[in-house]
Amino acid sequence: MRDPMSAFTDAFTTFLFGKVETTRLPVRTSTGQAQAVYLPTAAPGLGDSGVIIGREVYSGKGYIYDPFQLYGQQLPAPHWLVLGESGNGKSALEKTYVLRQLRFRDRQVVVLDAQGEDGAGEWNLIAQELGITPIRLDPMAALDGGIKLNPLDPAITTTGQLALLRTIIEVAMGHGLDERSGFALKVAHAYVHATIVERQPVLMDIVEQLRHPEPESAEAMNVDIDDVRAWGLDVALVLDRLVDGDLRGMFDGPTTVGIDLDSPLIVFDLSHIDRNSIAMPILMAIVGVWLEHTWIRPDRKKRIFLVEEAWHIINSPFVAQLFQRLLKFGRRLGLSFVAVVHHLSDVVDGAAAKEAAAILKMASTRTIYAQKADEARSTGQVLGLPRWAVEIIPSLTPGIAVWDVNGNVQVVKHLVTEAERPLVFTDRAMTENSQASDASDAADAMTGGLPDDVRAAEWEAEQRAILMEQQRLNASSESTVA
């Protein structure tokens, strides 16, 4: 029974103000229905300007990423690291990203295509679709009029040429040049640069000068001419490999005329080079420095430099030092460097741990596809990923990755449109009679193996959404440029 005073107080209050409390009947419900009371929340995205990647898994929101739009606001550097085991979608992401970037008029992309089969690089189909001929670096083809890149190209500064020559020799020797060998190389390069003016100097000129140094070179340092010759012998032998050894033909002549550096997409096909040989890091060093001096220009274009098998760069102290300079220099001129590797342990535990750490620090964007649990823990520790992200990496299905954009960590499902699929899923099996079934398997992998009717509806809706969004963004970009 209620207290009389409480009843009197309630009655008086009701008389003055009216009834102030609503009586609600109890409601019986399930937890599934009651969860609607607590509306879902999602982490903020990266804005709506740029290239659409796919959708954020937990919220279903579209995920748009563009380092050029984010640089200086949400990104301290425009460089990007892509990690993950083979077969989880790294290649599909790279290709669709490039294709979508190229729809903006102020974009230009260079790809170092280190993988391939059937005698062509992995990017060959995309190049053909865009009407572009890949620059195929092949020692055998180079002997028969193929592509050549000259480390002594006059387009490269004399300082850059000498730095490149040192890097080539140090990579091949596996250690740094001592002072005497470095002096012999410097003297030979200076003499060749000063005396050969009627044509492009080539590596053979350096080799000959190392074998037969000029007396003036010895007199300038007050040493015997035989000493200078002995100091340069090992250097000459290393360079001779590029002139008359297993790498002959690619670098021992003037740069091939007609390489179109104004093309929106430039593909260097390295698939004919043994990926496990010393040739690959040497080749990447030469291509990287040559591009630094001939391709990157202050013309307000946004450039993307995508390197597959990038551990060849990051794992060599000498090549990594060259690319560190390229990344620092290129950032001021609108360059985004994209490095694709399988395992972070390939680089952080190698001989170039210090240089690798510096390059990783410049990569403000990191995309991690599925890895084994121990590798995921190691990756998370090095990159500073949150615990929840590290725990889900081993269970990620193909096409889904953890994205860390300067601390903004989200799980993203990459979407591929119908028009892109024939260019993206380019495994050998898909070029044979089983193309239709393999294409369906690839679609299954990207949609998580949903039932046919659900998968088809979801896939079509996603295709429409991604195309409509890209068209809107392209129209916005073109009006801005115009």
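Residues numbered from 1 in each chain as written. Predicted model: local features only at pLDDT ≥ 70, side-chain atom pairs only at ≥ 80, totals over all residues. Heavy atoms only, no water.

Comments concerning the packing of aromatic side chains
Then, in step 1: Scanning the entire structure with this criterion turns up twelve aromatic pairs.
Then, in step 2: Between F268 and W290, the aromatic rings sit 6.4 Å apart at their centres with planes inclined by 85 degrees, giving edge-to-face as the arrangement. Taken together, the positions of F268 in strand β8 (residues 265-269) and W290 in helix α13 (residues 279-294) put the pair 22 residues apart, joining distant regions of the chain.
Then, in step 3: Under the relative-accessibility criterion, F268 is labelled buried at 0%.
Then, in step 4: On the numbers, 6.0 Å between centres and 70 degrees between planes, the contact of F305 with F337 is edge-to-face. Taken together, the residues F305 in strand β9 (residues 302-307) and F337 in strand β10 (residues 335-340) connect sequence positions 32 residues apart.
Then, in step 5: An aromatic cluster is built from Y63, Y65, W80, Y97 and W403, whose rings are joined through pairwise contacts.
Then, in step 6: The cationic tip of R303 hangs over the ring face of W295; the distance from NZ or CZ to the ring centre is 5.6 Å. (Phe/Tyr/Trp six-rings, centres within 6.5 Å; stacked < 30°, edge-to-face > 60°. Helix = DSSP H or I, 4+ residues; strand = E, 2+ residues; numbered from the N terminus. Buried < 20%, exposed > 50% of the residue type's maximum accessible area, 1.4 Å probe, protein only. Lys NZ or Arg CZ within 6 Å of the ring centre and 35° of its normal.)

What to know about the pattern of salt bridges
Then, in step 1: Within this structure, the stated rule accounts for 19 salt bridges.
Then, in step 2: The salt bridge involving E420 is made with R100; its shortest N-O contact spans 2.8 Å. Taken as a pair, E420 in the loop between β13 (408-414) and α20 (421-424) and R100 in helix α4 (residues 90-101) lie far apart in primary sequence, 320 residues in all. In terms of burial, E420 and R100 fall into one category: buried.
Then, in step 3: For R297, the salt bridge is made with D262, and the minimal N-O distance between the two is 3.1 Å. With R297 in the loop between α13 and β9 and D262 in the loop between α12 (233-244) and β8, this residue pair connects regions lying 35 residues apart in the sequence.
Then, in step 4: Judged by relative accessible area, R297 falls into the partly exposed class, the value being 30%.
Then, in step 5: Its relative accessible area of 52% is what places D262 among the exposed residues.
Then, in step 6: Within this structure, D66, D106, R107 and K302 form a network of salt bridges that share partners. (Salt bridge = Lys/Arg side-chain N within 4 Å of Asp/Glu carboxyl O.)

A look at the packing of helix α7 (residues 158-173) against helix α15 (residues 317-331)
Then, in step 1: The interhelical angle for the contact between α7 and α15, taken along N-to-C directions, is 150 degrees, at an axis separation of 8 Å. As the angle between them shows, α7 and α15 are arranged roughly antiparallel. When α7 is examined against α15, the residues A163, L164, T167, E170 and V171 are found in contact with a partner set consisting of F318, V319 and L322.
Then, in step 2: Among the residues forming the contact of α7 with α15, the class breakdown is six nonpolar, one polar and one charged. (Axes fitted to C-alpha atoms, helices over the stretch in contact; angles between N-to-C directions. Parallel < 35°, antiparallel > 145°, perpendicular 65-115°, else oblique. Contact = heavy atoms within 4.5 Å. Nonpolar A, V, L, I, M, F, W, Y, C, P; charged D, E, K, R; others polar.)

Some details on α4
Then, in step 1: Relative to the 16 Å expected for twelve residues at 1.5 Å per residue, α4 spans 16 Å between its end C-alpha atoms, a close match to the ideal helical length.
Then, in step 2: Of all twelve residues in α4, twelve are buried, a share of seventy percent or more.
Then, in step 3: Of all the positions in α4, only K90, S91, A92, L93, E94, K95, T96, Y97, V98, L99, R100 and Q101 are classed as buried. (Expected span 1.5 Å × (residues − 1).)

Regarding the side chain of R421
Then, in step 1: Within the secondary structure, R421 is located in helix α20.
Then, in step 2: The class for R421 is buried, based on a relative accessible area of 14%.

Focus on the side chain of E170
Then, in step 1: Following the sequence through the fold, E170 ends up in helix α7.
Then, in step 2: You can call E170 buried: its relative accessible area is 9%.
Then, in step 3: Dropping the residues within four chain positions of it, E170 is found in contact with H175, G176, L177 and F318.

Here's the deal with the pairing of strand β4 (residues 107-113)
Then, in step 1: The buried count for β4 comes to seven of seven residues, which makes it a mostly enclosed element.
Then, in step 2: Side chains of β4 alternate between two faces, with R107, V109, V111 and D113 and Q108, V110 and L112 buried alike.

A look at the nonpolar core
Then, in step 1: Among the nonpolar cores identified, the biggest contains 96 residues, and L137, L149, I206, L239, F268 and F305 are the most heavily contacted of them.
Then, in step 2: Take this core: its biggest share by element is eleven residues, from α13.
Then, in step 3: Non-local contacts of L149, meaning those with residues more than four positions away in its chain, are made with L137, M250, F251, T255, I259, F268, I286, V287 and W290.
Then, in step 4: Residues V82, L93, V109 and V267 belong to the second largest nonpolar core, which totals 34 residues. (Core = buried A, V, L, I, M, F, W, Y, C linked by side-chain atoms within 4.5 Å.)

Considering α7
Then, in step 1: An ideal rise of 1.5 Å per residue puts 22 Å on 16 residues; α7 measures up with 23 Å between its terminal C-alpha atoms.
Then, in step 2: Regarding α7, the residues found buried are G160, Q161, L162, L164, L165, T167, I168, I169, E170 and V171.
Then, in step 3: Contacts from the buried residues of α7 go to α8 (179-195), α9 (203-211), α12, α13 and α15.
Then, in step 4: Following α7 by one or two positions, G174 has its phi on the positive side, about 80 degrees.

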